[in-house]
Amino acid sequence: MKAACVVSRKKEALLGQLGEIVFFPRDFSCSVLSKENAEVKGTKLSPGFLPNHVVMVIKHKKDPLKALEVFNSVVKEEGFKHTFSTYKAIIEKLGFHGEFESMEKILIEMRVDIHSSLSYEGIYIGVMKNYGRAGMVQESVDTFERMEFYDCKPTVRSYNTIMNILVENKCFNQAHKVYLRMRDKGIEPDVYTFAIRIKSFCRTNRAEAALRLLRNMTEQGCKANGVVYCTVFGGLYEENKADEASNLFDKMLAEDIVPDVATLNKLIHSVCKMGGVEESNTLLEKVGSRGVSPNVFTYNILIRGLCKKGKVQDAITLLDGMVLMKLVPDVVTYNTLISGLCKVHMVEEAEKFLRMMVRNGCTPDHFTYNTLIDGFCKAGMVQKAADLLGDAIFKGFVPDPITYSTLVNGFCEDGNLERAMDLFKEACSKNLILDITIYNALIKGLSEKRLIPEALQFVYKMLDNGYSPNIWTYNTIINGLCKISHVYDANNLIDEALRNGCTPDIFTFNTLIYGFCKASKLYEALEIVDRMQRYGVTPDVITYNTVLNGLCKGRKVDEVLQVFNEMVNKGCIPNAITYNIVIESLCKGRRVKEATELFEKMLVECCTPDVVSCSTLIHGLCRNGYLKDAFKLFRRMNELNLVPTMATYNILIHAFCNKLKAHNATKLFKEMIKRGCVPDVFTYSVLIDGFCKTGNVDASYDFLIKMLNKELIPHVVTFSRVINCLCKNQRVEEAVGIIYAMVNKGIVPEAVKEIFEADKREVAAPKILLEYMLQKGHLTYGAYELLFKALREKKKYESKIYSHSLAFGGF
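Residues numbered from 1 in each chain as written. Predicted model: local features only at pLDDT ≥ 70, side-chain atom pairs only at ≥ 80, totals over all residues. Heavy atoms only, no water.

As annotated in an unreviewed UniProt entry, the protein chain carries the name Pentatricopeptide repeat-containing protein and comes from Taxus chinensis.

Given below as structure tokens:
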């Protein structure tokens, strides 16, 4: 008994030294241990340490290198020798944790120490799997190839393992060669072999071949299982052969082959990834009648699928069904639903599920809080996000870099740079490993506030703290510089970006080109287009459109055509915006014929014109005196399935009025209203002007009344034209009514507003307004005299003036 206690103390001392808490019964007899374990593979063990103890410690060690220390240290104990089980345990531990160099050394040691290689296959299979899991395909293949060299003959298990690794890593041809080699050696395939080959066919979009192989399995003496059927189902479904897939599933159930819940979950996951949530529910119902009950993972997959399709209400209903099934939602369930709700901007609803999960004893994690904080920030509820973080910290949540980045970005977007800076400093004080995202958020916020020097200082701070700015960082500052017209500084910043290892991209150059065009530095913009080529950046349609628009505004028609031809020659396909700019430029240059030809070419090139294309050309034709052609193009818009806008109607109404064809303009006005296109101030003003030019006083007066009743206030010039027409026709009382209507609407000079006493303002305002309109040349002197006289003799006209003013909404 004394010897047993000594042995027990030695065991506990060694295990305690290695940091493990493993308890052995005090009365665990050494004689019993030696009886059961003393002989392992012909190795006599001392009663001190047995291989199964070492195996247990190795398996419980989290750190693989500490497990290796145990493995190496026990051989120093007198009488102890490693066995196959201890070698297997340490090789598996090292391989699983990616300590492949140490693993290979132990493999060599094992081959020397244990001569019998009959049981090596399991170890080699484990090694291959661990290499495969780490994506080290060649190392897996090398292990497989070495098996026979070390007298370990591969069985179907080894072939299946290496084939599966090759298929999982998309080495489909090599996997097929391994299969052929296996058959050449006379090794018969089993159900797993067929499953791997079927998976290979499905992943190379050959579901029909997989289906044929499934049918041939029985002929080759192998019965298919649920995994094989579900693999083929998934392949057919991914190739949009849903009906064939459904028939196969029904056939599987008819043959009493029912997949287990784990296989079913994999299948549902594949179907949901393709958007087939409804089909997944159908599958679930079919197997449910066969006794397969969904688990939490099943519901999580379905909820995720519904949220991905934006069907969050259905996902919430599914959660209720899950509870009815007596299944307890886990953190993944709630996180999936919260994320789905945030994506459809239902962030307040998402917060309710946070409270629900806490009530139900499910602890929120970093994903939960970070998702909700991000949702509130994107919804513009940044303070709510900050309050949520404060509450979470109170409950023990520790913010991570993602939390701070999200909130800093939120406050920057909200324009609260001071709060964003405070959060940044707080994150730095906690020694968190921040990423470039938080710096970029602050740089963007500073740039949008036009605090460019401060933004640049932040770039230098990034560099000092060991963070490398990316091209997005520089693009943000370049964009900010261009907005404040510091285009040359923005251009020079490219050199600094290159020095810091950032290559400019298409956005960099497009931003610069836009900045130079906006500053009317057109030739500098063209130089940047040439410079792009040197950096290996190909100008895109946005690049060319920006340059063309700048040249068009500068009325450089020849240059516009030159750049347009260069664009086409370099293989950049123009879009509708490109054609619209060139058409506008040609129209401005009075080259309407070329503009019309380009419009027709646009149709031939299969670039469908839009409303802007037609309106631009109509405007060009009208301005150049081709009103008839403009009207034909206007009617042709119906053939092109284009609906004219208010701007289109206004162009033609204005053109007809200029040609003194107010009758045609009125027809268009009525058509415009009939088609649901609401006239604006310009529409009414142009028509009133047209009526005045043709002497149609009644129409001009009526349209002015309609305009004011619709709360559309015309320019003083429009009022003046109607007043002049009325005075010319001796309709003074109506003209005075308009003057009082103008005063009532506040359309008066600043001098009127300086009169503080209401009664004085009422008397003085009409006269001051008259003086102002005369000085500006809006009123004829004859009209002024008549109106001034009428205002002096107000009592004489008062009843008539009052009645006319009512038409304008009263005084």
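1. So, the packing of aromatic side chains
Inspection of every chain in the model, using the stated rule, returns 24 aromatic pairs. Aromatic pair Phe 100 and Tyr 131: ring centres 4.5 Å apart, planes at 25 degrees, arrangement stacked. One end of the pair, Phe 100, is in helix α6 (residues 100-113); the other, Tyr 131, is in helix α7 (residues 120-133), with 31 residues separating them in the sequence. Exposure remark for Phe 100: the relative accessible area of 12% places this residue in the buried category. Centroid distance Phe 669 to Phe 703: 5.2 Å. Interplanar angle 65 degrees. Geometry classified as edge-to-face. (Phe/Tyr/Trp six-rings, centres within 6.5 Å; stacked < 30°, edge-to-face > 60°. Helix = DSSP H or I, 4+ residues; strand = E, 2+ residues; numbered from the N terminus. Buried < 20%, exposed > 50% of the residue type's maximum accessible area, 1.4 Å probe, protein only.)

2. Description of the environment of Tyr 131
Residue class for Tyr 131 comes out buried when judged on its relative accessible area of 4%. In this structure, the C-alpha to C-alpha distance between Tyr 131 and Pro 453, residues 322 residues apart in sequence, is 51 Å. Those residues in contact with Tyr 131 that sit more than four places away from it in its chain are Phe 100, Met 103, Glu 104, Met 136, Glu 139, Ser 140 and Thr 143. (Contact = heavy atoms within 4.5 Å.)

3. Describing unusual backbone geometry
Not every positive phi belongs to a glycine, and Asp 151 is a case in point at roughly 60 degrees. With relative accessibility at 62%, the residue Asp 151 sits in the exposed group. The backbone of Arg 450 sits at a positive phi, close to 65 degrees, despite the residue not being glycine. Secondary-structure assignment places Arg 450 in the loop between α25 (436-448) and α26 (452-464). Given the relative accessible area of 51%, Arg 450 is considered exposed.

4. Digging into the packing of helix α41 (residues 716-728) against helix α45 (residues 781-792)
For the pair α41 and α45, interaxial distance at closest approach is 9 Å and the crossing angle is 80 degrees. Relative to α45, the element α41 lies roughly perpendicular. Counted together, Ile 723, Asn 724 and Cys 727 of α41 and Ala 783, Leu 786 and Leu 787 of α45 form the full contact between these two elements. Classifying every residue of the contact of α41 with α45 gives five nonpolar, one polar and no charged. (Axes fitted to C-alpha atoms, helices over the stretch in contact; angles between N-to-C directions. Parallel < 35°, antiparallel > 145°, perpendicular 65-115°, else oblique. Nonpolar A, V, L, I, M, F, W, Y, C, P; charged D, E, K, R; others polar.)

5. What about a positive patch on the surface?
On the surface, a cluster of positive charge is contributed by Lys 273, Arg 304, Lys 308 and Lys 343. Look at Lys 343 and you get exposed, because its relative accessible area is 65%. (Patch = residues over 30% accessible without salt bridge, like charges linked within 9 Å, V, L, I, M, F, W, Y side chains within 5 Å. Areas by Shrake-Rupley, 256 points an atom, 1.4 Å probe, with all protein chains shown as cover. Salt bridge = Lys/Arg side-chain N within 4 Å of Asp/Glu carboxyl O. Lys, Arg positive; Asp, Glu negative; His and termini not counted. Charge placed at Lys NZ, Arg CZ, Asp CG, Glu CD.)

6. Concerning the packing of α25 against helix α27 (residues 471-483)
Between α25 and α27, whose axes approach to 9 Å, the crossing angle comes to 5 degrees. With respect to each other, α25 and α27 are oriented roughly parallel. Listed contacts from α27 to Ile 436, Asn 440, Ile 443, Lys 444 and Ser 447 of α25 are Trp 472, Thr 473, Thr 476, Ile 477 and Gly 480. For the contact of α25 with α27, a count of residues per class yields four nonpolar, five polar and one charged.

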